[in-house]
Amino acid sequence: MIVAENYLISDLAKISSLIINLAGNKKIWSFSGAMGAGKTTLIKAICKSLGVLDEVSSPTYSLVNEYNAKDNVKVYHFDFYRIKDVNEAFDIGYEEYFNSGFVCLIEWPEKIAVLLEEEHIFKITISNMENKRNISVH
């Protein structure tokens, strides 16, 4: 389902609220798209909509950032772009994060695809075709 076609940065607050509603009870969200497609920018907007109080930045080198939100809620943001082996996800204790009950936002999920249970994942894809960005969920 396409949730945004040829959107602008100024549309991201509305788009992020829609994505949160569509996710329902799913807590593991994957973000797919080419380098520079806007995954981190969308995640920043989603975190704002989720009430994150901390500054949101890409965890490219740390692999995971933990953000504090209202009401003692946490949001975990992963970036697996730089991992060379799925065992690096085990090294950071991915299972504890994924089973925490808090929202986990994953950039470059294809790097850990063998660890993701398809039926539990809310998938977000950003595509960039002919200089038009689209966001779809499934």
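Bear in mind the structure is a predicted one, so any value in this text is a computation, not a measurement.

### Side note on the pairing of strand β7 (residues 132-137)
Turning to step 1, where the next piece is worked out: Pairing of strand β1 (residues 2-5) with β7 involves three bridges; the strand directions are antiparallel. Looking at the pairing, E5 lines up with N134 of β7.
Turning to step 2, where the next piece is worked out: Alignment of strand β6 (residues 121-129) against β7, held across six bridges, turns out to be antiparallel. Of the residues in β7, the one forming a bridge with S127 is N134.
Turning to step 3, where the next piece is worked out: The turn linking β6 back onto β7 is made up of two residues, and E130 within it adopts a positive phi angle of 50°.

### Observations regarding the sheet that holds strand β2 (residues 28-32)
Turning to step 1, where the next piece is worked out: As summarised here, the arrangement of the seven strands in space is β1-β7-β6-β2-β5-β4-β3, forming an open sheet in which the pairing is mixed. Each edge of the sheet is formed by a strand with only one pairing partner; in this case those strands are β1 and β3 (64-69). The mean inter-strand angle of the sheet, taken between neighbouring strand axes irrespective of direction, is 15°.
Turning to step 2, where the next piece is worked out: One ladder, built from four bridges, connects β2 with strand β5 (residues 103-107); its direction is parallel. Across the sheet, residue W29 finds its bridge partner in β5, namely L105.
Turning to step 3, where the next piece is worked out: Against the sheet, helix α1 (residues 12-23) makes contact with β1, β2, β6 and β7, and its axis sits at roughly 20° relative to β7, the strand it touches most.
Turning to step 4, where the next piece is worked out: Packing against the sheet, helix α2 (residues 39-49) makes contact with β2, β3, β4 (73-79), β5, β6 and β7, and its axis sits at approximately 150° to β2.

### Here we look at α2
Turning to step 1, where the next piece is worked out: Residues of α2 that are buried: K39, T40, L42, I43, A45, I46 and C47.
Turning to step 2, where the next piece is worked out: One or two steps after α2, the chain reaches G51, where phi turns positive at roughly 85°.

### Focus on the packing of α1 against α2
When two helices pack together, their arrangement is given by the angle between the helix axes and the distance between those axes.
Turning to step 1, where the next piece is worked out: At a minimum axis separation of 8 Å, α1 and α2 run at an interaxial angle of 70°. Here α1 is positioned roughly perpendicular relative to α2, judged by the angle of their axes. Listed contacts from α2 to L12, A13, I15, S16, S17, I19 and I20 of α1 are T41, L42, A45, I46 and S49.
Turning to step 2, where the next piece is worked out: Of the residues belonging to the contact of α1 with α2, the class tally is eight nonpolar, four polar and no charged.

How each quantity is defined
Residues numbered from 1 in each chain as written. Predicted model: local features only at pLDDT ≥ 70, side-chain atom pairs only at ≥ 80, totals over all residues. Heavy atoms only, no water. Pairing = 2+ DSSP bridges. Helix = DSSP H or I, 4+ residues; strand = E, 2+ residues; numbered from the N terminus. Axes fitted to C-alpha atoms, helices over the stretch in contact; angles between N-to-C directions. Contact = heavy atoms within 4.5 Å. Buried < 20%, exposed > 50% of the residue type's maximum accessible area, 1.4 Å probe, protein only. Parallel < 35°, antiparallel > 145°, perpendicular 65-115°, else oblique. Nonpolar A, V, L, I, M, F, W, Y, C, P; charged D, E, K, R; others polar.

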